[in-house]
Amino acid sequence: LEEVFESALPPMPSGTGDCWEPRGMRVQYCPFPDMSPANWEDFPEDPKLPDITTWSAAKVSQYLVQNGIQEIHAKVFFDEEIDGSSVLVMQRKDVLLGLGLKLGPALKIYNRIRALQTRRTFNF
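Residues numbered from 1 in each chain as written. Predicted model: local features only at pLDDT ≥ 70, side-chain atom pairs only at ≥ 80, totals over all residues. Heavy atoms only, no water.

### Focus: the overall build of the protein
Part 1: Across its full length, the protein carries six helices and zero strands.
Part 2: Looking at the protein residue by residue over its 124 residues, the buried ones come to 32%.
Part 3: Looking at the protein alone, contacts between residues at least 24 apart form 67% of all its contacts between residues at least 6 apart.
Part 4: Of the accessible surface of the protein, which amounts to about 8,800 Å², a share of 54% is contributed by carbon and sulfur atoms. (Helix = DSSP H or I, 4+ residues; strand = E, 2+ residues; numbered from the N terminus. Buried < 20%, exposed > 50% of the residue type's maximum accessible area, 1.4 Å probe, protein only. Contact = heavy atoms within 4.5 Å. Areas by Shrake-Rupley, 256 points an atom, 1.4 Å probe, with all protein chains shown as cover.)

Following this line, the structure appears as structure tokens:
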């Protein structure tokens, strides 16, 4: 099945060396829970990642915009009254399926949420 899919893709542009250069918004990589190191809590907290426990939904939306999320997508947190304590219990499916966003923006938002939840930055 994978071969059929790959054969349907257009060829890579010349000079890419079989990989695309990163473009657009730069986001710190935060792995999915099953990709996090087993001892992730032993990693030092990233002081750049705030404690969002007491944040309002407006503050959550503002933070997302300030960190590269388009305002129209971040506004969903305000509209749905998702405050800081709600963000801390969100799961991947909540972001990808529950917010009514397209997959690309939802994945970028989930990446930021995982970083806020763990307050860790993993370098893989």
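### What to know about the pattern of salt bridges
Close approach of charged atoms allows side chains with opposite charge to pair.
Part 1: The tally for this structure, following the rule as stated, stands at two salt bridges.
Part 2: Here K75 ties to D79 by a salt bridge, and the two come within 2.8 Å at their closest N and O atoms. Residue K75 and its partner D79 are located together in helix α3 (residues 71–79), separated by four residues, close to a single helical turn.
Part 3: Note on K75: relative accessible area 43%, which makes it partly exposed. (Salt bridge = Lys/Arg side-chain N within 4 Å of Asp/Glu carboxyl O.)

### Here's the deal with the nonpolar core
Part 1: Counting 23 residues, the largest nonpolar core has F77, V87, M90, V95, L99, I109 and I113 as its most contacted members.
Part 2: Elements that contribute at least two residues to this core include exactly α2 (57–66), α3, α5 (92–98) and α6 (103–118).
Part 3: Beyond its immediate sequence surroundings of up to four residues, V95 is in contact with M90, A106, I109, Y110 and I113. (Core = buried A, V, L, I, M, F, W, Y, C linked by side-chain atoms within 4.5 Å.)

### A word on α3
Part 1: Taken together, the buried positions of α3 are occupied by H73, A74, V76 and F77. Take α3 and look down its axis: the buried residues cluster within an arc of 130°, on one side only. Facing away from the buried side of α3 by more than 90 degrees, the exposed set consists of E71 and I72.
Part 2: E81 sits one or two positions beyond α3 and adopts a positive phi of about 55°. (Arc of directions from axis to C-beta.)

### Some words on the packing of α2 against α3
Part 1: In the contact formed by α2 and α3, the axes pass within 8 Å of each other and the chain directions differ by 160°. The angle between α2 and α3 places the two elements in the roughly antiparallel class. Handedness of the α2/α3 crossing: right-handed. Side by side, α2 and α3 meet where A57, A58, V60, S61, L64 and V65 of the first sit next to E71, A74, K75, F77 and F78 of the second.
Part 2: Tallied by class, residues from the contact of α2 with α3 come to eight nonpolar, one polar and two charged. (Axes fitted to C-alpha atoms, helices over the stretch in contact; angles between N-to-C directions. Parallel < 35°, antiparallel > 145°, perpendicular 65-115°, else oblique. Left-handed = near helix turned anticlockwise from the far one by under 90°. Nonpolar A, V, L, I, M, F, W, Y, C, P; charged D, E, K, R; others polar.)

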